[in-house]
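Residue-level structure breakdown
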Amino acid sequence: MKKFFKFLGILILIVGLGAGGYMGYRQFTATDEKTNAFALVPRDAAFVVETENLSTAWTTLSRSELWQYLKTTEYFSDINEDLLLVDKFLKDNVIADKLLSGRKLVVAGCLVPPDNWDMLFLVDLESISAYFNDFKTTLKHIEGYKYSSTEKTLAQTEKKVEVHTLQSNDDPNYKITITLINNVLAASLEPSLINTLINKYEDGFWENNQNFQLVNSGLSNRNMFKLYVNWPQCPAIYKLFSTESNDILEMLSTSLTYSALQMDLQNEQIDFSGYTSLDSIYSYVRAFSAVGPGKSRGQEIISNQTAAYISLGFSDFNKFYEGLLKEYERGNKKEMDDMKRLISVAEKMLGISIQNDLLGWVGNEIAVCKLRPLSDKSRDIDIAALFHASDINKAKQGLGNIVTHIKRRTPVKMEIEPYKNFEINYLGGVKGIFKMFLGKLFSQLEKPYFTYIEDYVVFANSQEVLHQIIDDYLNGRIMSKDEKFSDFRDEFDRKSNISVYLQMPKLYEMLYKYAPLDDKKSIEENKDIICSFARFGFQLSNDNGLFRSNMLIQYDSLARQKDMEEFAEAMIENETDFNIDSLNFIVTLPNDTIFSDGKARINYPDTARLNYEGTISDERPQGIWRTYYVSGNLMATGNYDNGRLNGTFYFYRDAYHQTQALAEVNYKNNVLNGNFKEYYADGTIKSDITYENGKKNGMAYYYRPNGKLRLTQKYKNDEKSGKATVYDVKGKKVGKTENEV
C-alpha cells in the first residue's frame, strides 16, 4: 500500500506536469488510434483497481480518514512529504487539476517471477495525449530523478514506442519506467512489467472474456472505484507473503474466475459489492450453484476470541452434498471411486451408516473457526468446526452410534470427559473422515473431540479448544455479543453460501506466533497497520448462476489497544486457577474431640490420611499449621493467633513428590489484608493484588508466563477504578484509556 500511494503521487505529478504544456501547446500530427486503458491489463493480473476520475480519486483517498491515520504511522511517514507535494501541486495548479479530472486510472497487481510482485499503472490521456509532444522534456525536468530512454517495437505491430526511465538520485534502486501506447500512459516501478506489456501486447482479451464481461456488466459507474479479482492468480501472490497453506483461498481460487466489485470508501470502512463468476471445470464452490443460501448462526455460540470464521451455508444440505459428489466425480472419477470404497469398508467394519449417522442430520450451516492463540499449548493446527443440526437429537443418536461401534470394534479408548455440565466425546478410529466428505478445508480435523451446544455439534482437534469454547459460551463471551462485530455482521446478508469473517487484531496474534522466525520482525513492525484493519468480511450468495458478492473492511486505529485490553481481562478471568474458598485449608477442630495443649495431628474423617498438623493452645490453633491434600501433598502453611489467621499463608499445588508454589496470601484477623500473589506452575509470578479489609484496593498486577506484565488494574472496594493498562508479549505498554471517575 505504501508503494501504491507513493507511486500514485509521483504519477499524478508526471501527468499533471506533462499536461502543463497546455498553455504553450503547439499543434502536431497525432494518431487517431485509441486504446482502452483496461485492454492493456495483463491477463495474469491478480487484481485490478479502476477509477474514472484520477483527480477526484486522489482527493478522495488523500482526504479519507483511513489515509489520515496511515500517514501518521512510521511505515508511511517517509512518503508523507511526497504526498503533500502532490496535494499542493493540484491545489495551486488549476489547469493540471482540470486536465486530470475525468481521466481514467487502472492499477493492476501482477506477479513478477520468480518471487516478487508489483503494480502496473495505466492512465487514459485521451484528448490531452497531444499535449505530450514535449513529454521527454517534461520528464527530464522532474526534480530528484535522472532521466534515460530507449526505443522498442510494440508486439504485433510495427509501431515504435519510447521507454522512459527515471532513476532516483537518493536511491539508485528506485526506478520509474514509463511508456506511451497510443493514448495510454503506462508506468511501473518494475521495468519487466513495462517490457512484458510491450513484448506481449494484445488488445481484446478482456473485451472477449465472457466470464469477465458477465460480472462486469452488473456494475454501475456511480462509484468512484471498482475492484476486479482474478481468483486463479491470487495464490501466487499470497505465497509471496506466507509459507502457510490457505485452504479457503485454494478453494476459492480453483472454483471462481473473476469478481467485479464496486468500491465505496467511507469514513471508517471500505465497502465492496458486485458479482463473481464460476469456473466451468470441477470446483468445490460449484456445488453451491444448485442450492440457495443458508442462515449463519454459529456466531451465537462461538468464542469472541475467534480470529477467523468461515461459514458454508445451504438451504438444503443433502442437495448440496449430492452436487458436491457430482463435482468430485467430474474432477477425478478414480478418486471418487476410492472414496466410495473407503466408505463401504468403514461402514462394514464399524457397523454404521455414514449417511444416517453423520450426514443425515446436518442443517443449514457448517463453519470452520480458528481461535487466537490462548496459551503456550496452542498450536497452529488447532481448529474448530460447527455443524448445525436440523434435529439435535438425531445428531446425538447418530454420533452416539458411531462412538459406540468404534468402542466395540477398535482398541481406541474413548472415555467421555465431563466438563462444566458438558460431555466431551472423542471420535477416534475414523481418521480423516471430514476431509473425505467435505474437502481440504477440514483436513486438520482428524480424530476430533466433540460436544453439543444448543442445536450445534462442535468439533475440535484438541480438548483445550473445546474447553475455551465452552468457557466463553458459559460466560457470554461470544461473537454475537461483541457489539463491534455484531454491527459489522449486520452489514451482510443473514443468509449466504460462503461467508468469511476475520478479526485482524486476533489474527495478528496467530500470524506472529506461528510465523517463521525470519518473518516475525516484519510482522511485529507492521502490527499497528495490520490490526487497524480491524474486521474483514467476504460473502458469496447464489444468484441465478452468478454469486452476489459483498466485501467489507472496517478500520479502527485503536483496534489493537482495545482488543488487548479486552483479551487481557478475559484471560485473567479464565486463568485464575486459585479459588481460595474452595481449598478448605482453614483448620477446623472436630467438635467431638477434646484437645490438650501441644502438638496435634488431625486426619480426614473416617480415614488415616493426615488433614492438618500444628500446635493447639486453649483448644485453638496457635502458631504454624500445615494443611494437606487427600493425596498427602502439602496444601498450605500459615500462622494462627488464638485460632485466627494472621500473617502470610503459603499455598502449594497438589503435585506428586514435589512442592510447587501456588499462592502467597496475607491475612489480618481472618480477613484478607495485604498482598495476594499467585504463581504459574514453574514458579513465575502470575498476579499480585493488594487487599484491604477483605476487598481489592489499590493496584493489581497480572503477568504472562514469561514473567512480563500482561495488565495492570486499579481497584477501589473490589470495583475496577478506571481502565486497565495492557502490555504486549515483550512487556511493552500497548495503551491506557482515561480513568473513569
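Per chain, residue numbering runs from 1 following the sequence as it is written. A pLDDT threshold of at least 70 governs which residues receive local features in this predicted model, and a stricter bar of 80 or more applies before side-chain atom pairs are shown or counted, although totals over entire chains, interfaces and linings include all residues. Derived side-chain values reflect all non-hydrogen atoms in the structure, with water molecules and hydrogen atoms excluded from consideration.

**Some remarks on the overall build of the protein**
Put simply, the rule reads: Every helix listed is a DSSP run of H or I at least four residues long, and every strand listed is a run of E at least two residues long, numbered separately from the N terminus. Partly exposed describes any residue whose relative accessible area lies between the buried limit of under 20% and the exposed limit of over 50%, with all areas from a 1.4 Å probe on protein chains only and scaled to the type maximum. Contacts are residue-level and defined by heavy atoms, with any inter-residue pair within 4.5 Å sufficient. Areas reported as accessible are Shrake-Rupley estimates using a 1.4 Å probe. Residue values count occlusion only from the protein chains shown.
Scanning the protein for helices and strands turns up 22 helices and 36 strands. Going through the 741 residues of the protein one by one, you find that 53% of them count as buried. Sequence separation of 24 or more characterises 60% of the internal contacts of the protein that already satisfy a separation of 6 or more. Counting only carbon and sulfur atoms, one obtains 47% of the accessible surface of the protein, whose full area is about 35,600 Å².

**Notes on the packing of aromatic side chains**
Keep this limit in mind: A pair of Phe, Tyr and Trp rings is counted when the ring centres sit within 6.5 Å of each other, with Trp represented by its six-membered ring. The angle between the planes then sorts it: under 30 degrees is stacked, over 60 is edge-to-face, the rest tilted. By the criterion adopted, a ring carries a charge over it if an Arg CZ or a Lys NZ lies within 6 Å of its centre and within 35 degrees of its normal.
Inspection of the entire model under this criterion finds 35 aromatic pairs. Each member of the aromatic cluster is reached from another via a ring pair, and the members are Phe38, Phe205, Trp206, Phe212, Tyr228 and Tyr258. Between the NZ or CZ atom of lysine 396 and the centre of the ring of tyrosine 452, over which it lies, the distance is 5.4 Å. Over the ring of tyrosine 512 we find lysine 520, and its NZ or CZ is 4.6 Å from the ring centre.

**Concerning helix α8 (residues 191-199)**
Applied cut-off: In this context, the arc is that of the directions from the helix axis out to the C-beta atoms.
Taken together, the buried positions of α8 are Leu193, Ile194, Leu197 and Ile198. Seen from one end, α8 has its buried residues packed into an arc of 135 degrees, which puts them on one side. Packing partners of the buried residues in α8 comprise β2 (105-112), β3 (116-124), β4 (145-153), β5 (160-168), β6 (175-181) and β7 (184-188).

**A word on the pattern of salt bridges**
Counted only if it meets this: Within this document, salt bridges are pairs made up of a side-chain nitrogen of Lys or Arg and a carboxyl oxygen of Asp or Glu, the two lying within 4 Å of each other.
In the structure shown here, the tally under the stated rule is 18 salt bridges. Aspartate 543 is paired through a salt bridge with arginine 548; the nearest N and O atoms lie 3.7 Å apart. One connected set of salt bridges, linked through shared partners, spans Arg297, Glu300, Glu454 and Asp455.

**Focus: the pairing of strand β17 (residues 449-453)**
Our working definition: When DSSP finds two or more bridges between a pair of strands, those strands are recorded as paired.
Of all five residues in β17, four are buried, a share of seventy percent or more. Relative to β17, strand β16 (residues 422-426) runs antiparallel, the two sharing two bridges. When the sheet's bridge partners are listed, tyrosine 426 is paired in β17 with tyrosine 449. Two elements, β17 and strand β18 (residues 456-460), share five bridges in a ladder whose sense is antiparallel.

**Here's the deal with helix α12 (residues 317-331)**
Threshold: Multiplying 1.5 Å by the residue count of a helix minus one yields the expected span of that helix. Polar contact criterion, stated in full: a pair of N or O atoms within 3.5 Å, where within protein one must be able to donate a hydrogen and the other to accept it, and residues adjacent in sequence count only if both atoms are side-chain atoms.
For α12, with 15 residues, the first-to-last C-alpha span of 21 Å sits near the 21 Å given by 1.5 Å per residue. Residues of α12 that are buried: Phe317, Phe320, Tyr321, Gly323, Leu324, Glu327 and Tyr328. Taken end-on, α12 shows its buried residues confined to a sector of 160 degrees, consistent with a single buried face. Of the residues flanking the start of α12, the one acting as N-cap is aspartate 316, its side-chain oxygen 3.1 Å from the backbone nitrogen of asparagine 318.

**Considerations on the pairing of strand β21 (residues 535-543)**
The buried fraction of β21 is high, at seven of nine residues. Here strand β20 (residues 498-503) pairs with β21 via six bridges, running antiparallel. In the strand pairing of β21, tyrosine 501 is matched with glycine 537. Two strands pair when backbone bridges link them, and β21 and strand β22 (residues 546-554) are joined in this way by nine bridges, in the antiparallel orientation. Within β22, the residue paired with glutamine 539 across the bridge is asparagine 550. Hairpin connection, β21 to β22: the antiparallel pair is bridged by two residues, and asparagine 544 has positive phi, about 55 degrees.

**Here's the deal with the nonpolar core**
Proteins that are soluble and globular tend to have nonpolar side chains buried together. Note the threshold: Side-chain atoms within 4.5 Å link the members of a nonpolar core, which is a set of buried Ala, Val, Leu, Ile, Met, Phe, Trp, Tyr and Cys residues.
Leu252, Tyr284, Phe288, Phe387, Phe442, Val457 and Phe459 are the most contacted members of the largest nonpolar core, which totals 82 residues. Considering each element in turn, this core owes the most residues, six residues, to helix α15 (residues 392-409). In this view, phenylalanine 442 contacts Tyr284, Leu312, Ile366, Val368, Ala385, Phe387, Phe434 and Lys435; residues no more than four positions away in its chain are not counted. Listed in part, the 35 residues of the second largest apolar core include Ile602, Leu645, Val665 and Tyr715.

**Some words on the environment of valine 457**
Within the secondary structure, valine 457 is located in strand β18. What makes valine 457 buried here is its relative accessible area of 0%. Sequence-wise, valine 457 and lysine 396 are 61 residues apart; in three dimensions their C-alpha atoms are separated by 8.6 Å. Residues in contact with valine 457, not counting those within four places in the same chain, are Trp361, Ala385, Leu386, Phe387, Ile392, Ala395, Leu399, Phe450, Thr451 and Tyr452.

**Considerations on the side chain of threonine 451**
Looking at the element boundaries, threonine 451 is found in strand β17. Residue classification places threonine 451 among the buried positions, given a relative accessible area of 1%. Separated by 2.8 Å, the side chain of threonine 451 and the backbone oxygen of glutamate 423 make a polar contact. Sequence-distant contacts of threonine 451, defined by excluding residues within four places in its chain, comprise Phe422, Glu423, Tyr456, Val457, Val458, Leu466 and Ile470.

**Some points on unusual backbone geometry**
Omega for the peptide link from proline 113 to proline 114 comes to 5 degrees, which places this bond in the cis form. As for its placement among the helices and strands, proline 114 is situated in the loop between β2 and β3. Here the phi dihedral of glutamate 454 falls at roughly 55 degrees; this positive angle occurs in a residue that is not glycine. Accessibility expressed as a relative area gives 43% for glutamate 454, which makes it partly exposed. Residue asparagine 693 is not a glycine yet carries a positive backbone phi of 55 degrees. Positionally, asparagine 693 belongs in the loop between β31 (685-692) and β32 (695-703).

**Looking at the environment of proline 448**
By the element assignment, proline 448 lies in the loop between α16 (433-438) and β17. A relative accessible area of 0% means that proline 448 is categorised as buried. A sequence separation of 14 residues divides proline 448 from phenylalanine 434, and the C-alpha atoms of the two residues are 9.6 Å apart. Filtering out sequence-adjacent residues up to four positions away, proline 448 remains in contact with Asn425, Tyr426, Leu427, Phe434, Phe459 and Ala460.

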